[in-house]
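# Results of the structural survey
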Amino acid sequence: MAIGLNVVFMGRFGYPSGMASTKRIQHFIDHLQAFPATTRVLQLRPTGEGTPGGQGGNHQGTEYRRIGADLKLDWRLPVALFWYHWNGIGMLKKWRTDGAMDVLYCYGGVTAENVLLIVAGKRLGYKVVFDIVEDNTYIDDKLTLPGKLKWLAGEILDRYLLGLADGVVVISSYLRSLYGKKIALSVPLCLIPISARCDLCATGGREPGPMKFVYAGSFAKKDGIELLLEAFEKVHQKKGNCQLMLCGTGGSVENYQARIAANPAIRYVGYLDDAEFYRFLQGADVLCVTRTGSTYANAGFPFKLGEYLATGNPVIVSDVGDVRRYLSHMEDAIIVEPGNAVAIAGALEYCLDHPETAAKIGQSGAAKCRQYFDPAANGRLLVELIRRL
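It should be emphasised that the depicted structure is a prediction, and the values quoted were computed from it without experimental measurement.

### Description of the sheet that holds strand β8 (residues 189-191)
- The sheet built from eight strands is open, its strands ordered β3-β4-β2-β1-β5-β6-β7-β8 with mixed pairing. Looking along the sheet, the strands with just one partner apiece sit at the ends: β3 (56-59) and β8. Ignoring strand direction, the axes of neighbouring strands in this sheet form an average angle of 20°.
- Inspection of the sheet shows strand β6 (residues 127-132) paired to strand β7 (residues 167-170) by four bridges, in the parallel sense. Note that in β7 the partner of Phe 130 across the bridge is Val 168.

Right under this line is the structure:
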């Protein structure tokens, strides 16, 4: 690329720390900075654990700005919306670079929260890329009235304003097929899967003591926490010598707190910062990705699977989406039927009975992670897409 490259990542994800979406963006940023390119982050309506206070800063050479933290459904909303868009458009103007290719990378596609900023970006000369990681048409979480209105607005915008995109990134084969039809291949479309760094693999064998089964991530309905708890309770009652460790955040956590508190073998550790989070994963004996079989769960791809595989620990994963595109059952992971607590219990019991075989599966899974989910390879795919804009 003969001219300079300036990429602004925009979306409702944590930055500089956060969960799966943050790590996807950070891996892209790391590759682009080595390209080299200028990278910035415009964080919309920052909420949740791991989001520091303040309006912005600089993280490893990437300037970032947060807007919309004060947006609330009260009498001040009209004024807050004005300043939200004023500040967002102001940052896009400030970050636009003469003589360079300006790219606005929209995580999550077009939404009610970013549509006016996208339109402004287009008028300022930015090339717009949508990163689609879910099919929200089939979202299976219970929504509040504001949530339903936001969902409806997103569906309408995705249907009628997808043409704002100059390029589209998707995370799964399902989404590639869906958006290939929507855009009729009028703009470049690229499947870029999850990514994970494999340089922090767990070392050594199992530590003495109960086998530690671990889940770390969100607690949405699609994540099948209910299934995992049911399966673990049965196995623990039957065999003992195991414990379940849960980590993460989300509005549904409270639904499970009483059940967790009633069982000493189950422990919820809350949200962990990045360093603690990776130590937590490395200290597991078996990691669990137990999704439901819903269309919503099958449309995307479990972000956490890459981080799990990267540890070299064995992984139990539900057979959703593209899992079998990359992994083989009982070779690289223990793949179970989605939505089936009995199948999950069988996988947990297998790991208890065959720890050496499970450990070999974990090492093979780490090799597949290096092969398919390499951040540098994904970064090259993004650069290739940008070249085609």
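### Quick notes on the environment of Ala 112
- Residue position: Ala 112 is located in the loop between β5 (100-107) and α3 (115-124).
- Its relative accessible area of 42% is what places Ala 112 among the partly exposed residues.
- Between the C-alpha atoms of Ala 112 and Asn 136, which are 24 residues apart in sequence, the distance is 14 Å.
- The residues touching Ala 112, leaving out its near neighbours within four places in the chain, are Ala 153 and Leu 157.

### Description of helix α5 (residues 173-183)
- Within the sequence span of α5, burial applies to Leu 175, Tyr 179, Gly 180 and Ile 183. Projected down its long axis, α5 shows its buried positions confined to an angular sector of 130°, all on one face.
- One or two residues past the end of α5 sits Ala 184, with phi positive at roughly 50°.

### Side note on empty space enclosed by the protein
- Under the criterion given, the structure shown has one cavity of 30 Å³ or more.
- In this model, the largest cavity occupies a volume close to 70 Å³.
- Along its surface, the largest cavity is lined by Ala 20, Lys 23, Arg 24, His 27, Ile 194, Ser 195, Phe 303 and Glu 307.
- At the level of elements, α1 (20-34) and α10 (303-310) are the ones that each hand at least two residues to the lining of the largest cavity.
- At four residues, α1 tops the list of elements feeding residues into the lining of the largest cavity.

So, how was this worked out
Residues numbered from 1 in each chain as written. Predicted model: local features only at pLDDT ≥ 70, side-chain atom pairs only at ≥ 80, totals over all residues. Heavy atoms only, no water. Pairing = 2+ DSSP bridges. Helix = DSSP H or I, 4+ residues; strand = E, 2+ residues; numbered from the N terminus. Axes fitted to C-alpha atoms, helices over the stretch in contact; angles between N-to-C directions. Buried < 20%, exposed > 50% of the residue type's maximum accessible area, 1.4 Å probe, protein only. Contact = heavy atoms within 4.5 Å. Arc of directions from axis to C-beta. 1 Å grid on protein atoms, 1.4 Å probe; cavity = no way out; pocket = protein on both sides within 12 Å on 5 of 7 lines; lining within 4 Å. Points joined across faces, edges and corners; volume = space filled by probe spheres on them.

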